[in-house]
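Architecture and fold: a report
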Amino acid sequence: GSDVCSSDLMPSRSVGIDFELRARPWPWLYVDYDLAYAHSQSVPDAGNGGEIALAPKLYMTGGISYLGEGRMKGLRARFGMRYLSGNPVFDTNSPEYLALSKTNPNQVIGQSYVIFDLSANYRYRWIEAGFNIQNLFNATWREAQFGNESCTYQEVYNPKNPNYGVCGITVPAAQRTGVPDVHFTPGVPFNLQLFVKAYFL
C-alpha cells in the first residue's frame, strides 16, 4: 500500500506491504506468521527527501501453537518469535546521519533484534498450571531506540577524550552540541514466569 501524509513541517510518503498467514494443518497444530515492510520518507521537492527516523522497515512475528486433543486435551503450548530490522534513528537527510552513516553507523542506526518466546499451560478440571518464558535464548536486544545528542562523563571531564571539544566542561553550555548517538532501553533478558490458577465457576 501507499500513504501520503502532510503536515506544516514536512510531507511524507510510506510505501509497503503486509503479509499474513494462518494455517491449521492438523487439528492440534496452528501456525501463524505476519510480515510488514514499509519504506517511509519525507518528500520535499517532489520526492527527494530522506528516510524518516524511527520508521520501521521490516517487522515479523510468528509462531507454532499446540492445541491438545485426546488425553492431552487440556494442554496448550506456543513457540513464537518477533523480529525488527535495524532502522535509522536520525532522518537520513539530517547532518548527523550524513556525517556518521558510513564511518560510525552504530551511532545513527538502531540495532535489529530477533526474540523467541515459549509458553505452555495445562488445565485439568478446575485447576490450571503453566509457564511463560520471555527471551528464551537470552538475546541482548534494545526494546526502544532513539537518536539524540548527549555527552558522557568522560566526554565532559576528560580533556584527552576525542569529543571533549564539543562536550568538555570548559566549553560554554550554549555551545555544547553533544555527540549524536543511539539512546536505548535494554530489552528484558531471559525471564521465566510460573503460574497456577483455580477456576470456581
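1. Let's talk about the packing of aromatic side chains
What the rule picks out here adds up to 7 aromatic pairs. Aromatic side chains Phe-19 and Tyr-33 sit 6.2 Å apart centroid to centroid with 55 degrees between the ring planes, which places their arrangement in the tilted category. A residue pair is termed long-range when its members are at least 10 positions apart, and Phe-19 in strand E2 (residues 12-26) and Tyr-33 in strand E3 (residues 29-42) qualify at 14 residues. An angle of 40 degrees between the planes, with centres 4.8 Å apart, marks the rings of Tyr-153 and Tyr-157 as tilted. Of this pair, Tyr-153 and Tyr-157 both sit in helix H2 (residues 153-157), 4 residues apart, which is roughly one turn of the helix. By relative accessible area, Tyr-153 is classed as exposed at 62%. Note on Tyr-157: relative accessible area 47%, which makes it partly exposed. In textbook terms, an aromatic cluster arises when at least three aromatic residues are bridged by ring pairs, as seen for Trp-26, Trp-28 and Tyr-66. Above the ring of Phe-195, the side-chain terminus of Lys-197 is found at 5.3 Å from the ring centroid.

Analysis parameters
Residues numbered from 1 in each chain as written. Predicted model: local features only at pLDDT ≥ 70, side-chain atom pairs only at ≥ 80, totals over all residues. Heavy atoms only, no water. Phe/Tyr/Trp six-rings, centres within 6.5 Å; stacked < 30°, edge-to-face > 60°. Helix = DSSP H or I, 4+ residues; strand = E, 2+ residues; numbered from the N terminus. Buried < 20%, exposed > 50% of the residue type's maximum accessible area, 1.4 Å probe, protein only. Lys NZ or Arg CZ within 6 Å of the ring centre and 35° of its normal.

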